[in-house]
Amino acid sequence: DIQLTLSPSSLSASVGDRVTIACRASHPISTFLNWYQQKPGKAPKLLIYAASTLQSGVPSRFSGSGSGTDFTLTISSLQPEDIATYHCQQSFTTPYTFGQGTKLEIK
Amino acid sequence: QVQLQESGPGLVKPSETLSLTCTVSGGSLTSYYWTWIRQPAGKGLEWIGRIYGSGHADYNPSLKSRVAMSLDVSKNQVSLNINSVTAADTAEYYCASSTGSASHEWLDPWGQGTLVIVSS
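If you're wondering where the values come from, they're calculated on a predicted model, not measured in any experiment.

Student: Kindly report on the overall build of chain A, identifying the contributing residues and their values.
Tutor: In terms of helices and strands, chain A carries zero helices and eleven strands. Reading the secondary structure of chain A in the N-to-C direction produces β-β-β-β-β-β-β-β-β-β-β. A globule of 107 residues ought to have a C-alpha radius of gyration of about 13 Å, and chain A, at 13 Å, matches this closely. Here chain A holds 107 residues, and the buried ones make up 48% of them. Looking at chain A alone, contacts between residues at least 24 apart form 55% of all its contacts between residues at least 6 apart. Looking at chain A as shown, the accessible area adds up to about 4700 Å², and 48% of this sits on carbon and sulfur atoms. Charged side chains of chain A number 8 positive and 6 negative; the gap between the two group centres comes to 5 Å.

Next comes the structure, spelled out in structure tokens:
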């Protein structure tokens, strides 16, 4: 199975900060990488697919980049409503796998 | 707009079969494929498998011998069965619509999830 490692596992930042979360794959996966946001007690929600395409309705402060084994999710200016756990998921080969999640908190 | 709703017993005894249903509204079962994912409390997400509108399914090898998915087109429902459950199967279970383009695939939308506890 392809392993995905998110770093950091948790992060504390201030409103307005630029936040970057990294996802590293154990094998190259081209751009077959998706990002999800999960707020406490809620189901995950798709943010970005195919590494860099913003899902309709997602604020433009979210962006994704990368290919191969290294990917990043960036929030350009952190807002209070962005407090959540962020997951990456590879869709290169089954079984599809997820990273363990990065928990983002407000400082 | 497709909407998904999981349902099923919240408590299952060890060694018995976990059975969940995902009811789909706003879309046809045969037009998409459908994925089940689970999440133990405080842990990451695990892809259980997916089923196509044709009825063909792919399962995670870690569960393959115990899992089965099926479609009921007349009820617009997707079913998940996991047999011989243990405490390790305790988790929040989600169904999601799989969609994509140019061979990329992503999960959107998701159901709200249903908690299943395995305990005697």
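Student: Provide a residue-level description of the interface of chain B and chain A, including the pertinent values.
Tutor: Counting from both sides, the interface comprises 19 residues of chain B and, opposite them, 20 residues of chain A. When the two sides are added together, the surface that chain B and chain A hide from each other amounts to roughly 1700 Å², 61% of it contributed by carbon and sulfur. If you sort the residues of chain B by the area they bury against chain A, L45, H104 and W106 of chain B come out on top, with a joint share of 33%. Connecting chain B to chain A are nine residue pairs in polar contact (both at pLDDT 80 or more). Counting only elements with at least two residues in the side of chain B that touches chain A, the list comes to β4 (33-39), β5 (46-52) and β10 (104-110) of chain B. Of the residues forming the side of chain B that touches chain A, the biggest block, six residues, is contributed by β10 of chain B.

Student: Let's hear about the state of the cysteines: which residues, and what values?
Tutor: Within the structure shown, the criterion is met by two disulfides over all chains. One disulfide bridge connects C23 of chain A with C88 of chain A, the sulfur atoms lying 2.2 Å from each other. Around the S-S axis, the bridge from C23 of chain A to C88 of chain A shows a dihedral of about 75° and counts as right-handed. Highlighted residues: C23 of chain A in strand β3 (residues 19-25) and C88 of chain A in strand β9 (residues 84-90), separated in sequence by 65 residues. Of the two residues examined, C23 of chain A and C88 of chain A, each falls in the buried class. Each sulfur in the disulfide pair C22 of chain B and C95 of chain B lies 2.1 Å from the other.

Student: So what's going on with the sheet that holds strand β3 (residues 18-25) of chain B? Which residues, and what values?
Tutor: Residues and elements named next belong to chain B. Taking strand neighbours across the sheet as the criterion, the four strands line up as β1-β3-β8-β7 in an open arrangement whose pairing is antiparallel. What marks the edges here is a single partner per strand, and that holds for β1 (3-7) and β7 (67-72). Each strand axis lies, on average, 20° off the axis of its neighbour in the sheet, ignoring direction. Sheet topology places β7 next to strand β8 (residues 77-82); six bridges connect them, and they run antiparallel. From the neighbouring strand, L71 faces β8, where its bridge partner is V78.

Conventions adopted
- Residues numbered from 1 in each chain as written.
- Chains lettered and ligands numbered in written order.
- Predicted model: local features only at pLDDT ≥ 70, side-chain atom pairs only at ≥ 80, totals over all residues.
- Heavy atoms only, no water.
- Helix = DSSP H or I, 4+ residues; strand = E, 2+ residues; numbered from the N terminus.
- Rg over C-alpha atoms; globule rule 2.2 N^0.38 Å.
- Buried < 20%, exposed > 50% of the residue type's maximum accessible area, 1.4 Å probe, protein only.
- Contact = heavy atoms within 4.5 Å.
- Areas by Shrake-Rupley, 256 points an atom, 1.4 Å probe, with all protein chains shown as cover.
- Lys, Arg positive; Asp, Glu negative; His and termini not counted.
- Charge placed at Lys NZ, Arg CZ, Asp CG, Glu CD.
- Buried area = accessible area lost by both parts, 1.4 Å probe.
- Polar contact = N/O pair within 3.5 Å; in protein donor to acceptor, adjacent residues only side chain to side chain.
- Disulfide = S-S within 2.5 Å.
- Pairing = 2+ DSSP bridges.
- Axes fitted to C-alpha atoms, helices over the stretch in contact; angles between N-to-C directions.

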